[in-house]
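The lines below spell out each chain.
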Amino acid sequence: MDTLKTKSHFNKYGYVVIPNLISEKKINNLLDKYSKFKENNCFFYSQSHHNWNRTKECIDEFGNLTFSIENFTDLLWSFGFSKSGREILQSNEILFWLSLLGDYDKFNMHGNMFFDKSTATADHLDTWYIDTNPRGALIAIWVALEDIDGDGGSFIVY
């Protein structure tokens, strides 16, 4: 991938798509740990509903968790799931692109969410909730763990 073109696109449009950045091995490890997390009926805090839940109370007919998990990389009682998430979100692959696109050499993971399926989040600006000082240097990432075809709804960048 041409880093100069990618940075130029990011500066012009405010987003980039970097396909196949994370290895299948890391993704499969995370998904395996996530399956165990659901099977063990673990507690999690729902970002979308702002309350504590057990996984088995929130599974739909397809086996998907219907609520998002806030800060899934910090779940002490599900270390394998949390660790595998950190191995992706704080990976050298992600840090490389963040440093290139953001012109910084250090980053702070303010928060993260894990979605098993869309929670139909309303359009919003992340900078309403969090930002940098000085304002405007926040970089958010979305890591899709499966191929996305657009039939699940749109992803909008303001």
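Because the structure is a prediction, the values reported are computed rather than measured.

(A) Looking closely at the overall build of the protein chain. The helix and strand inventory of the protein chain stands at 4 helices and 4 strands. The helix and strand sequence of the protein chain, counted from the amino end, reads α-α-β-β-β-α-α-β. When burial is assessed residue by residue, the protein chain has 25% of its 158 residues classed as buried. Excluding contacts between residues fewer than 6 apart, the proportion of contacts in the protein chain whose partners are at least 24 apart in sequence is 56%. For the protein chain, the exposed surface amounts to about 11200 Å²; the carbon and sulfur share of it is 52%.

(B) Expanded view of the pairing of strand S1 (residues 43-46). Side chains of S1 alternate between two faces, with Phe44 and Ser46 buried and Phe43 and Tyr45 left unburied. Bridge count between S1 and strand S2 (residues 51-54): 4 bridges; the pairing is antiparallel. Bridging across to S2, Phe43 finds its partner in Arg54. From the end of S1 to the start of S2, which pair antiparallel, there are 4 residues, and His50 there has a positive phi angle of about 55 degrees.

(C) Spotlight on the confidence of the model for the protein chain. Residue-level pLDDT values for the protein chain average 87, and 90% of them are 70 or greater. The element-level mean pLDDT for the protein chain is lowest in strand S4 (residues 113-114), coming to 90, with helix H2 (residues 24-39) highest at 96.

Reading guide: rules and limits
- Residues numbered from 1 in each chain as written.
- Predicted model: local features only at pLDDT ≥ 70, side-chain atom pairs only at ≥ 80, totals over all residues.
- Heavy atoms only, no water.
- Helix = DSSP H or I, 4+ residues; strand = E, 2+ residues; numbered from the N terminus.
- Buried < 20%, exposed > 50% of the residue type's maximum accessible area, 1.4 Å probe, protein only.
- Contact = heavy atoms within 4.5 Å.
- Areas by Shrake-Rupley, 256 points an atom, 1.4 Å probe, with all protein chains shown as cover.
- Pairing = 2+ DSSP bridges.
- pLDDT = per-residue confidence, 0-100.

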